[in-house]
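# Coordinate inspection notes
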Amino acid sequence: MRSEIAGASSATFAANRAQGAVRFDVHRRDGATRRGDLHESGSLRVRFPSPEDDGLSAMFVNTAGGIAGGDRFDIAIAAGEGARLTLTTAAAEKVYRATGAPARLGIALKAEAGAHLAWLPQETILFDRARIHRSFDIDLAEGASLLLCEIVVFGRAAMGETMRHGEFVDRWRMRRGGKLVFAETIRLDGEIGDKLAKPAIANGGAAIGTALIVPGDEALVERLREASESFGGEVGISAWNGFAMARFCAQDAARLRADMMTVLGRASAVPLPRLWLN
């Protein structure tokens, strides 16, 4: 009897998990970037707020109102030769407490020669006991460019909330011209709050971020470091394998977001999404 009840409970849990997927491509036609085929399913949607002279902007909306344990979301975006695309989210994404399986988020980005892809979502906020596995698979042709940022916040400091326990697994793989140029997997689990307090991890910081800039070199690194006196948190910047990366750590999301905006503004002429400026 107990096994039957447990099985029914698991089936009910699985049936109530949110799933969503967005897949689309963009192409350059008649001097402008235009949307190609679009596929949407489940609770994930994408909107194109306004037409632009050259590039195209897209905004993701999660109608589920957040991410919970067992949810699954997949995004696949392809920018054709010479296309320009900026992607963001309608709001910060919230990842709620999970009592069972982790949520899973898979993101695949592809850009052909001469294309520029900007992935600029608002921050991801992890609640206490949240569990999420996230993966980025980035495929860039030679001559493609990328501006990518991600901010992760552990708890809502403004609400007096902290993340003490949970699981955060973040897997990144980037290929350029078919060659693997960056691979990294970050895993924080168990007593995350205690781990973030350690000097070698976050020194008590509650927000971390990464900006990935392709192409990137030492000249770009020096230009970004010129703004170091204005940073409110810790920022480390380096370049290798033809790209640059900035790592961020701050006591709160507002400070990190300000540092991120400074770096992105110096790294690229692409304007930040208007939602970032509200």
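Preceding this section is the structure that the text describes.
Throughout, a residue's number is its position along its own chain's written sequence, starting from 1. In view of the model being predicted, local features appear only for residues whose pLDDT reaches at least 70, and side-chain atom pairs are presented and counted only at 80 or more, with totals across whole chains, interfaces and linings using the full set of residues. Calculated side-chain values reflect all of the structure's heavy atoms, with hydrogen atoms and water omitted.

### With respect to the overall build of the chain
Think of it this way: any DSSP run of H or I at least four residues long counts as a helix, any run of E at least two long counts as a strand, and we number them from the N terminus. Regarding its fold elements, the chain presents 4 helices and 17 strands. The reference for a compact globule is 2.2 Å times residues^0.38; the radius of gyration itself is calculated from the C-alpha atoms. In summary, the chain has a C-alpha radius of gyration of 19 Å against a globular reference of 19 Å for 278 residues, a match within 12%. In terms of overall dimensions, the chain has C-alpha extents of about 65 × 45 × 40 Å along its principal axes. Using a 1.4 Å probe on the protein chains alone, a residue whose accessible area is under 20% of its type maximum counts as buried, one over 50% counts as exposed, and one in between counts as partly exposed. Scored against the burial criterion, the 278 residues of the chain give a buried share of 47%. Summarising the internal contacts of the chain: among those between residues at least 6 apart in sequence, 71% fall at separations of at least 24. When the accessible surface of the chain is totalled, it reaches about 13200 Å², and 50% of it is carbon and sulfur. Note that His is not counted, nor are the chain ends; the positive residues are Lys and Arg, and the negative ones are Asp and Glu. Throughout, a charge is located at the NZ atom of Lys, the CZ atom of Arg, the CG atom of Asp or the CD atom of Glu. In the chain, the 35 positive side-chain charges and the 34 negative ones have mean positions that sit 4 Å from each other. We call two residues in contact when some of their heavy atoms are within 4.5 Å. All accessible-area figures derive from a Shrake-Rupley calculation using a 1.4 Å probe, and residue coverage is judged against the displayed protein chains alone.

### Things to note about the sheet that holds strand β14 (residues 179-190)
Read across the open sheet, the 7 strands follow the order β2-β1-β5-β8-β11-β13-β14; overall the sheet is mixed. Each edge of the open sheet carries a strand with a single partner, namely β2 (32-42) and β14. Strand-to-strand twist in this sheet, taken as the mean axis angle between neighbours without regard to direction, amounts to 5°. Only when DSSP finds a minimum of two bridges between them are two strands counted as paired. Judged from the 8 bridges that link them, strand β1 (residues 19-29) and strand β5 (residues 72-79) form a sheet pairing that is parallel. The residue bridging Asp25 from the neighbouring strand is Ala78, located in β5. Axes here mean lines fitted to C-alpha atoms, for a helix over just the part in contact, with angles spanning 0 to 180 degrees between N-to-C directions.

### Notes on unusual backbone geometry
Going from Val214 to Pro215, the amide bond is cis rather than trans, its omega being 0°. The phi torsion at Asn203 lies on the positive side, around 55°, for a residue other than glycine. Checked against the element boundaries, Asn203 lands in the loop between α2 (192-197) and β15 (207-214). Looking at Asn203, the relative accessible area reads 43%, which means it is partly exposed. Its identity is not glycine, yet Asn241 carries a phi of approximately 55°, on the positive side.

### Some words on helix α4 (residues 253-267)
The periodicity of an α-helix, 3.6 residues per turn, causes residues three or four places apart in sequence to face the same way. To estimate how far a helix should reach, multiply one less than its number of residues by 1.5 Å. Between its first and last C-alpha, α4 extends 21 Å over 15 residues, near the 21 Å set by a 1.5 Å rise per residue. Burial in α4 covers these residues: Ala253, Leu256, Arg257, Asp259, Met260, Val263, Leu264 and Ala267. Considered in projection along α4, the buried side chains sweep an arc of 165° and stay on one side of the axis. Residues Ala254 and Gly265 are exposed on α4 and point more than 90 degrees away from its buried face. Summarising the contacts, the buried residues of α4 are in contact with β12 (145-154), β15, α3 (218-225), β16 (234-240) and β17 (243-250). Among the residues of α4, the N-terminal cap falls to Asp252, whose side-chain oxygen and the backbone nitrogen of Ala254 are separated by 3.2 Å. Along the arc lie the directions from the helix axis toward the C-beta atoms. Between N or O atoms, a polar contact is any pair within 3.5 Å; within protein, one atom must be a potential hydrogen donor and the other a potential acceptor, and residues adjacent in sequence are included only when both atoms are from side chains.

### Re the state of the cysteines
Only a pair of cysteine sulfur atoms within 2.5 Å qualifies as a disulfide here. Summed over all chains, the structure comprises 0 disulfides. Free of any disulfide, Cys249 has its nearest neighbouring cysteine sulfur in Cys149, separated by 16 Å.

### With respect to the pattern of salt bridges
The term salt bridge refers to a side-chain nitrogen of Lys or Arg lying within 4 Å of a carboxyl oxygen of Asp or Glu. A full pass over the atoms with the stated rule returns 15 salt bridges. Across the salt bridge formed by Glu167 and Arg131, the nearest N and O atoms sit 2.6 Å from each other. Placement of Glu167 in strand β13 (residues 166-176) and of Arg131 in strand β11 (residues 131-140) is noted, with a sequence separation of 36 residues between them. Accessibility expressed as a relative area gives 9% for Glu167, which makes it buried.

### A closer look at the pairing of β15
A large share of β15 lies buried, amounting to 7 of its 8 residues. Summarising the sheet, β12 and β15 pair through 8 bridges and their orientation is antiparallel. From the neighbouring strand, Cys149 faces β15, where its bridge partner is Ala211.

### Thoughts on the packing of aromatic side chains
Pairing of aromatic rings covers Phe, Tyr and Trp, the last through its six-membered ring, and needs centres within 6.5 Å; plane angles under 30 degrees mean stacked, over 60 mean edge-to-face, and all others mean tilted. Throughout the structure, instances matching the rule amount to 9 aromatic pairs. Where Phe182 meets Trp240, the ring centres are 6.1 Å apart and the plane angle is 65°; that geometry is what we call edge-to-face. Of this pair, Phe182 sits in strand β14 while Trp240 sits in strand β16; the two residues are 58 residues apart in sequence, bridging distant segments of the chain. Take Phe182: its relative accessible area is 7%, and that puts it in the buried class. Ring centres of Phe182 and Phe243 lie 5.8 Å apart, and the angle between their planes is 70°; this geometry places the pair in the edge-to-face category. Separated by 61 residues along the polypeptide, Phe182 in strand β14 and Phe243 in strand β17 bring together distant segments of the chain. In this structure, Phe182 and Phe243 share a single accessibility class: buried. Taken together, the aromatic side chains of Phe60, Trp119, Phe136 and Trp172 make up a single cluster linked through ring pairs.

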